[in-house]
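Residue-level structural notes
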Amino acid sequence: MNPEIIQLEHESAVRDNLQKVKNFNQTFSEDVFLTIDKQAVFQTALKRILRVKKVIGYANFNLIGFDNMLLYAHRYPKIGRFTKAELTLIDEIFFYDANKYGFHGNKVIKELTSTINKRDTIKIAGSGHYLFQGNALTKFNQLKKDVGPNLVLTSGVRSVVKQLQLFLSKLESSNSNLSLASRSLAPPGHSYHGIGDFDVGKKGFGKFNFTSKFSQTREYKRLIELKYVDLRYTQNNKVGVRYEP
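Just so we're clear, the structure is a prediction, and the values are computed from it rather than from any experiment. (Residues numbered from 1 in each chain as written. Predicted model: local features only at pLDDT ≥ 70, side-chain atom pairs only at ≥ 80, totals over all residues. Heavy atoms only, no water.)

1. Some words on the pattern of salt bridges
By the definition in use, this model includes 8 salt bridges. Note that Glu-92 is salt-bridged to Lys-38, the shortest N-O span being 2.7 Å. Taken together, the residues span a long stretch of sequence, with Glu-92 in helix H5 (residues 84-95) and Lys-38 in the loop between helix H1 (3-22) and helix H2 (39-56) at a distance of 54 residues. (Salt bridge = Lys/Arg side-chain N within 4 Å of Asp/Glu carboxyl O. Helix = DSSP H or I, 4+ residues; strand = E, 2+ residues; numbered from the N terminus.)

Structure (structure tokens):
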């Protein structure tokens, strides 16, 4: 193929991707949906995962591994064992090539059964979240010092299971549109929260910490001034995820 044609196709794809990121809540004709035959299994799988979360607690759920989730499901009748169909669906969602439905980020955790050692983390008081010991904790403490007491941790360490639950919940609210869900949330295995990323917000700002409104706060402006802070999903990112200040 002519190199000029390849370049034009690439530029068109980039423009298309940026347009979708800008209008992340819209549905596009190229969007990929979970097939109808998997809808019922998807619903039962999500409900079972949410029952695991209810049994072990919000904070503990951030760290739980896949095998431990299955163990809880086996031991607690109120959860119930995962069916073969549910496990097959979870496996498909985790290992599916996310590029095919529009998410172009790296897969940083490649095993569904990947675990997080709790001893490598520390729970941050008053947040319900954990941070990895070492670099992440050091940076968070530095942020608190440099930005001020109104800075809060809004999301820390997330296991594969936690990211799976978040993605499935987003998929449910997106009417089974995988592309639409991935424009707001990294698919399981693709989230850097599993290896060190964390999110911060403003105390008392609630749900607006997870929107572009946070970028209007004094805390955000101070964060941008600090040279050691990075935004994973900028306004014009090519990954395919909405702006996440």
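2. What to know about unusual backbone geometry
At Asn-175, a position not held by glycine, the phi torsion is positive, near 55°. Relative to the assigned elements, Asn-175 resides in the loop between helix H7 (160-173) and helix H8 (178-182). Positioned with a positive phi, Ser-176 is a non-glycine residue whose angle comes to about 65°. Mapped onto the elements of the fold, Ser-176 is located in the loop between H7 and H8.

3. A word on the packing of aromatic side chains
Here the structure, examined in full by the defined rule, presents 7 aromatic pairs. Aromatic ring contacts, followed pair by pair, group Tyr-96, Tyr-101 and Phe-167 into a single cluster. We note Lys-100 situated over the ring of Tyr-96; from NZ or CZ to the ring centre the distance is 5.8 Å. Just above the ring of Phe-24 sits the side chain of Arg-242; from NZ or CZ to the centre is 5.7 Å. (Phe/Tyr/Trp six-rings, centres within 6.5 Å; stacked < 30°, edge-to-face > 60°. Lys NZ or Arg CZ within 6 Å of the ring centre and 35° of its normal.)

4. Regarding the pairing of strand S2 (residues 129-132)
Here S2 shows no split at all, with His-129 and Leu-131 on one side and Tyr-130 and Phe-132 on the other all buried. Two strands pair when backbone bridges link them, and strand S1 (residues 121-124) and S2 are joined in this way by 4 bridges, in the antiparallel orientation. Its bridge partner being in S2, Thr-121 is matched across the sheet by Phe-132. Where S1 folds back onto S2 in an antiparallel hairpin, the turn is made up of 4 residues, including Gly-126, whose phi is positive at roughly 80°. (Buried < 20%, exposed > 50% of the residue type's maximum accessible area, 1.4 Å probe, protein only. Pairing = 2+ DSSP bridges.)

5. Concerning the packing of helix H6 (residues 135-147) against helix H9 (residues 218-225)
H9 packs onto H6 with a crossing angle of 115° between their chain directions and a minimal axis gap of 10 Å. Considering the relative orientation of H6 and H9, their crossing is right-handed. Here Leu-143, Asp-146 and Val-147 of H6 lie close against H9, whose contacting residues are Arg-218, Glu-219, Arg-222 and Leu-223. The class makeup of the residues in the contact of H6 with H9 is 3 nonpolar, no polar and 4 charged. (Axes fitted to C-alpha atoms, helices over the stretch in contact; angles between N-to-C directions. Left-handed = near helix turned anticlockwise from the far one by under 90°. Contact = heavy atoms within 4.5 Å. Nonpolar A, V, L, I, M, F, W, Y, C, P; charged D, E, K, R; others polar.)

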